[in-house]
Amino acid sequence: MPIKPGSLAKEYLNRAYFVKQKIHDKQSEIEELESLLGNKAVQLKKDKVLSSNIGGAEPNIIAKMVDLKNEVEELYKQYDLLIKENKEVIESITDPIYRSIIYRRFCGYKRFWDIAQELGYSERQVYRKYNEALEWIEKNILCDIES
């Protein structure tokens, strides 16, 4: 099955979104673990845990929370780097409409309908220009990055 034009650009630009989703998932997991601890006094530091009345399964929960918070911290660094790369790619787009649509989609995570409202286009026009922009990125920018 042939690769759809623009799909490589979409995959490249979506990397930050997927990291952001991982961050959200890990933060949800941390919240669940915090709820298991209840009202116990626990203070998480980078490498140390200060707490009172810890016994039973709580040390394992706290250790898991510390690990997850460290993972989230690393994911934030990765996310920041990917957003920076996306912005560099977007700034390289010569067509201002393409640039505006791609920025709103991949840095603002906006829906096509919202982008259309902001730019004064129909949703169908935005979607068409979005696909054209992805193809343009593939042909003019990503070929330089990957080579």
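About the cut-offs
- Residues numbered from 1 in each chain as written.
- Predicted model: local features only at pLDDT ≥ 70, side-chain atom pairs only at ≥ 80, totals over all residues.
- Heavy atoms only, no water.
- Helix = DSSP H or I, 4+ residues; strand = E, 2+ residues; numbered from the N terminus.
- Buried < 20%, exposed > 50% of the residue type's maximum accessible area, 1.4 Å probe, protein only.
- Contact = heavy atoms within 4.5 Å.
- Core = buried A, V, L, I, M, F, W, Y, C linked by side-chain atoms within 4.5 Å.
- Polar contact = N/O pair within 3.5 Å; in protein donor to acceptor, adjacent residues only side chain to side chain.
- pLDDT = per-residue confidence, 0-100.
- Salt bridge = Lys/Arg side-chain N within 4 Å of Asp/Glu carboxyl O.

Caption draft 1: Region of the structure containing the overall build of the chain. The secondary structure content of the chain amounts to 5 helices and 2 strands. Secondary structure elements of the chain occur, N-terminal to C-terminal, as α-β-β-α-α-α-α. The 147 residues of the chain split such that 30% are buried. Pairs at least 24 apart in sequence give 66% of the contacts found in the chain among residues at least 6 apart.

Caption draft 2: Just the nonpolar core, in detail. By size, the foremost hydrophobic cluster in this structure holds 21 residues, and its most contacted members are Leu13, Ile102, Tyr130, Leu134 and Ile137. Looking at this core, the elements with two or more residues in it are α1 (7-37), α2 (58-91), α3 (96-106), α4 (112-119) and α5 (123-146). Sort the elements by how many residues they give to this core and α5 lands first, with 7 residues. Residues contacting Leu134, with those up to four places away along its chain left out, are Gly6, Ala9, Lys10, Leu13, Ile102 and Phe106. Listed in part, the 16 residues of the second largest apolar core include Ala16, Ile23, Ile30 and Leu75.

Caption draft 3: Inspection of the environment of Ile93 at higher detail. Among the secondary structure elements, Ile93 is positioned in the loop between α2 and α3. By relative accessible area, Ile93 is classed as buried at 1%. Along the primary structure Ile93 and Asn140 are separated by 47 residues, whereas in three dimensions their C-alpha atoms are 8.6 Å apart. Every residue in contact with Ile93, bar those within four places of it in the chain, is listed here: Tyr98, Arg99, Ile102, Trp136, Ile137 and Ile141.

Caption draft 4: Molecular detail of α3. The set of residues buried in α3 consists of Tyr98, Ser100, Ile101, Ile102 and Phe106. Measuring from the side-chain oxygen of the N-cap residue of α3 to the backbone nitrogen of Ile97 gives 2.8 Å; that N-cap residue is Asp95.

Caption draft 5: Seen up close, the confidence of the model for the chain. Put simply, the chain has an average pLDDT of 88, and 83% of its residues get 70 or more. No element of the chain has a lower mean pLDDT than strand β2 (residues 49-51), which averages 50, and none a higher one than α4, which averages 98.

Caption draft 6: Structural view of the pattern of salt bridges. Summed over the entire model, instances satisfying the criterion amount to 9 salt bridges. A salt bridge links Arg15 to Glu85; the nearest nitrogen and oxygen atoms lie 2.6 Å apart. Of this pair, Arg15 sits in helix α1 while Glu85 sits in helix α2; the two residues are 70 residues apart in sequence, bridging distant segments of the chain. Residue Arg111 pairs with Asp114 through a salt bridge whose shortest N-O separation is 3.0 Å. Each of Arg104, Lys110 and Glu118 takes part in salt bridges that share partners, so that together they form one network.

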